[in-house]
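Now for the letters of each chain:
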Amino acid sequence: MSNSPAPLSTWARNVSPSPTLAVDAKAKALQAAGEDVCGFAAGEPDFDTPEHIKEACIAALKAGKTKYAPTPGIEPLRQAIVDRYLAEYGLKAAPSQVIVSPGGKFNCYLGVLATCSPGDEVIVPAPYWVSYPEMVKLAGAVPKFVLADDRTGFRLTPEMVEAAITPRTRLLILNSPSNPTGAVYSRSELEAIVAVALKHNLYILSDEMYEHLVYDGAKPTCIATFSKEVEARTITVAGFSKTYAMTGWRIGTTLAPAPIAKAISELQSQMSSNVTTFAQFGALAALKEKEKTSAALKVMMTAFDRRRKMLHAELNKIPGVTCLLAEGAFYLFPNITSFGLKDLDFCNRLLDTEKVAAVPGSAFGAEGYLRLSYATSDEIIKKGVERLARFCATLKK
Ligand SMILES: *Cc1c(COP(=O)(O)O)cnc(C)c1O
């Protein structure tokens, strides 16, 4: 008789660890071992949280804001979130429609859990953010990938969405601006896709995490503003991590129709309870002290925009590499298919020989690409593309 314990659960055995965090960890380990690594794998701003946000958190901590708070968030923060949707998009909502969760990632997962039952299908546009397929599977639902490559600017057409819908389809995930491609849909493109979702009575999870990180005058679109019908089936996720360089704070937001918001809050009440109470006061300052916050955002965006243009120009000088100029987030997604190498092999060899860390497109459901984050210094970008060019020159085409 064997003494080994019973196998772990379906959930434990089926979950894939985050490949982006894995590459980043490998690069950091090399760096710690004294190697001169150029890291393009980071999924977070290289800036620190603005000072006034930290100060507000420290003040709250000192004032004893150290107890449990209401599960969906402290009242002034939920009100401030409602106020900002009204100010930025003209969207009217009540604080009861807002849930503050421990990181936008958890907001997304709760949105899936609130709408999907086992066996339901979820349309996940590819290249996708690595967590969507896993959270869909953890809800017992089935991800249905629809790939939009660089020929359509990494943007789905309504026809592609329509073709993926079956009687089991329950939810459509949208993410504009996109991680990993930086693609930004126009309002009319989204209206056409959302019309298909309406026709088939789907819920929409709109991950608008990068709404404030747009360039070239591109405008973010808040899908819930399209119409009352659309609003009634749309779960909007946003947050503080990317816009305010607050990734480690773990604060994300959901805006949803009242019945869905109530369900999400109840799920959260059993799974995590409220976001760290004093951290919420930092988030509140980010929304309330608007001038300081927008000044900090402007500094960050000026740097991102400069790096975006530089990286884009340098990548396209490399024979065999082609790269679209993304309008949002802080990623570029160059095509490397001309080298005839699997992207995972490409990335491993690039890291081993040139100490450049990039995430393979296959991690996002799109073989033949790299995701390069330019949330890193100008020097590293310059040095990194030089090394990448040298590496590409050694590959037979
Ligand atoms: C970073 C990110 C999130 C969530 O970030 P948190 O750190 O959990 O707040 C959600 N969606 C996308 C596409 C992201 O890139």
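Note that the structure is a prediction, hence the values are computed from the model and not measured. (Residues numbered from 1 in each chain as written. Predicted model: local features only at pLDDT ≥ 70, side-chain atom pairs only at ≥ 80, totals over all residues. Heavy atoms only, no water.)

## Quick look at the overall build of the chain
Inference 1: When helices and strands are tallied, the chain shows 14 helices and twelve strands.
Inference 2: In terms of overall size, the chain behaves like a compact globule, its C-alpha atoms giving a radius of gyration of 21 Å where 397 residues would be expected to give roughly 21 Å.
Inference 3: Here the C-alpha coordinates of the chain stretch approximately 65 × 60 × 50 Å along the principal axes.
Inference 4: Every one of the 397 residues in the chain was classed for burial, and the buried ones make up 55%.
Inference 5: Entry remark: accessible area of the chain is about 17,200 Å², with carbon and sulfur atoms responsible for 57%. (Helix = DSSP H or I, 4+ residues; strand = E, 2+ residues; numbered from the N terminus. Rg over C-alpha atoms; globule rule 2.2 N^0.38 Å. Buried < 20%, exposed > 50% of the residue type's maximum accessible area, 1.4 Å probe, protein only. Areas by Shrake-Rupley, 256 points an atom, 1.4 Å probe, with all protein chains shown as cover.)

## Considerations on the nonpolar core
Inference 1: Counting 80 residues, the largest nonpolar core has Phe304, Leu311, Leu315 and Phe346 as the members making the most contacts within it.
Inference 2: For this core, the leading source of residues is helix H12 (residues 290–317), giving seven residues.
Inference 3: A domain split of this core shows at least three residues from each of domain 1 (10–48 + 293–392) and domain 2 (67–289).
Inference 4: Setting aside residues no more than four positions away along its own chain, Phe346 makes contact with Ile336, Phe339, Leu341, Leu370, Leu388, Phe391, Cys392 and Leu395.
Inference 5: Formed by 28 residues, the second largest nonpolar core is a distinct cluster that contains Ala69, Ile74, Ala80 and Leu91. (Core = buried A, V, L, I, M, F, W, Y, C linked by side-chain atoms within 4.5 Å. Domains from an automatic or database assignment. Contact = heavy atoms within 4.5 Å.)

## With respect to the side chain of His52
Inference 1: Residue placement: His52 occurs in helix H3 (residues 51–62).
Inference 2: A polar contact is formed between the side chain of His52 and the side chain of Thr293, at a distance of 2.8 Å.
Inference 3: Non-local contacts of His52, meaning those with residues more than four positions away in its chain, are made with Ala285, Glu289, Lys292 and Thr293. (Polar contact = N/O pair within 3.5 Å; in protein donor to acceptor, adjacent residues only side chain to side chain.)

## Structural notes on the site of the ligand
Inference 1: Neighbouring the ligand are 13 residues; Gly104, Asp207, Tyr210, Ser241 and Lys242 lie closest to it.
Inference 2: Contact distances for the ligand include 2.8 Å between an oxygen atom and a side-chain N or O atom of Asn179.
Inference 3: Contact distances for the ligand include 2.9 Å between an oxygen atom and a side-chain N or O atom of Lys242.
Inference 4: Calculation on the ligand without its partners gives an accessible area of 390 Å², and the protein chains cover 94% of this total.
Inference 5: Judged by the proximity of its atoms to the pocket grid, the ligand belongs to the largest pocket.
Inference 6: Considering only residue class, the shell around the ligand consists of four nonpolar, five polar and four charged. (Near = heavy atom within 4 Å. 1 Å grid on protein atoms, 1.4 Å probe; cavity = no way out; pocket = protein on both sides within 12 Å on 5 of 7 lines; lining within 4 Å. Sits in = over half its atoms within 2 Å of the grid points. Nonpolar A, V, L, I, M, F, W, Y, C, P; charged D, E, K, R; others polar.)

## A short note on the sheet that holds strand S4 (residues 142–147)
Inference 1: On the basis of which strands lie adjacent, the open sheet formed by seven strands has the order S2-S8-S7-S6-S5-S3-S4 and mixed pairing. Edge positions in the open sheet fall to strand S2 (98–101) and S4, since each of these has one partner strand only. Strand-to-strand twist of the sheet, defined as the mean angle between neighbouring strand axes without regard to direction, takes the value 20°.
Inference 2: On the sheet, helix H10 (residues 258–271) packs against S2, strand S6 (203–207), strand S7 (234–239) and strand S8 (252–255) and is oriented at approximately 25° with respect to S2. (Pairing = 2+ DSSP bridges. Axes fitted to C-alpha atoms, helices over the stretch in contact; angles between N-to-C directions.)

## Thoughts on helix H8 (residues 187–199)
Inference 1: A rise of 1.5 Å per residue sets the reference length of H8, with its 13 residues, at 18 Å; its end C-alpha atoms lie 18 Å apart and thus fit the reference within 8%.
Inference 2: Among the residues of H8, those classed as buried are Leu190, Ile193, Val194, Val196 and Ala197. Along the axis of H8, the buried residues cluster in a sector spanning 150°; they form a single face.
Inference 3: Residues of H8 that are buried make contact with helix H7 (158–164), strand S5 (169–174), S6 and helix H9 (228–231). (Expected span 1.5 Å × (residues − 1). Arc of directions from axis to C-beta.)

## Structural notes on empty space enclosed by the protein
Inference 1: According to the stated counting rule, one finds four cavities of 30 Å³ or more in the structure shown.
Inference 2: There is about 150 Å³ of room inside the largest cavity.
Inference 3: As for the largest cavity, its lining consists of 16 residues, of which Pro125, Pro127, Asn175, Ser178 and Tyr185 are closest to the centre.
Inference 4: For the lining of the largest cavity, the elements supplying multiple residues, two or more each, are strand S3 (121–126) and S5.
Inference 5: In terms of residue class, the lining of the largest cavity is made up of twelve nonpolar, four polar and no charged.
Inference 6: A volume near 60 Å³ is recorded for the second largest cavity.
Inference 7: In terms of lining residues, the second largest cavity is bounded by Ile81, Arg84, His212, Ala238, Gly239, Phe240, Tyr244, Thr253 and Leu287. (Points joined across faces, edges and corners; volume = space filled by probe spheres on them.)

## Observations concerning the layout of surface pockets
In this approach the atoms are scanned with a rolling probe the size of a water molecule, which exposes any empty space left behind.
Inference 1: Reported here for the largest pocket is a volume of approximately 530 Å³.
Inference 2: As for the largest pocket, its lining consists of 27 residues, and the residues nearest its centre are Leu21, Gly43, Lys105, Trp129 and Lys242.
Inference 3: When residues of the lining of the largest pocket are traced back to their parent elements, those giving at least two are helix H2 (19–32) and helix H5 (104–115).
Inference 4: Its residues assigned to classes, the lining of the largest pocket shows nine nonpolar, ten polar and eight charged.
Inference 5: Here the lining of the largest pocket spans two domains, and each of domain 1 (10–48 + 293–392) and domain 2 (67–289) adds at least three residues to it.
Inference 6: Here the second largest pocket defines a volume of roughly 390 Å³.

## Re unusual backbone geometry
Inference 1: Cis geometry marks the peptide bond from Ala126 to Pro127, where omega comes out at 0°.
Inference 2: Looking at the secondary structure, you find Pro127 in the loop between S3 and helix H6 (131–138).
Inference 3: Following Ser176, the chain continues into Pro177 via a peptide bond in cis, with omega recorded as -5°.
Inference 4: Among the structural elements, Pro177 can be located in the loop between S5 and H8.
Inference 5: Of note in this structure, Arg250 is not a glycine but carries a positive phi near 60°.
Inference 6: One can find Arg250 in the loop between S7 and S8.

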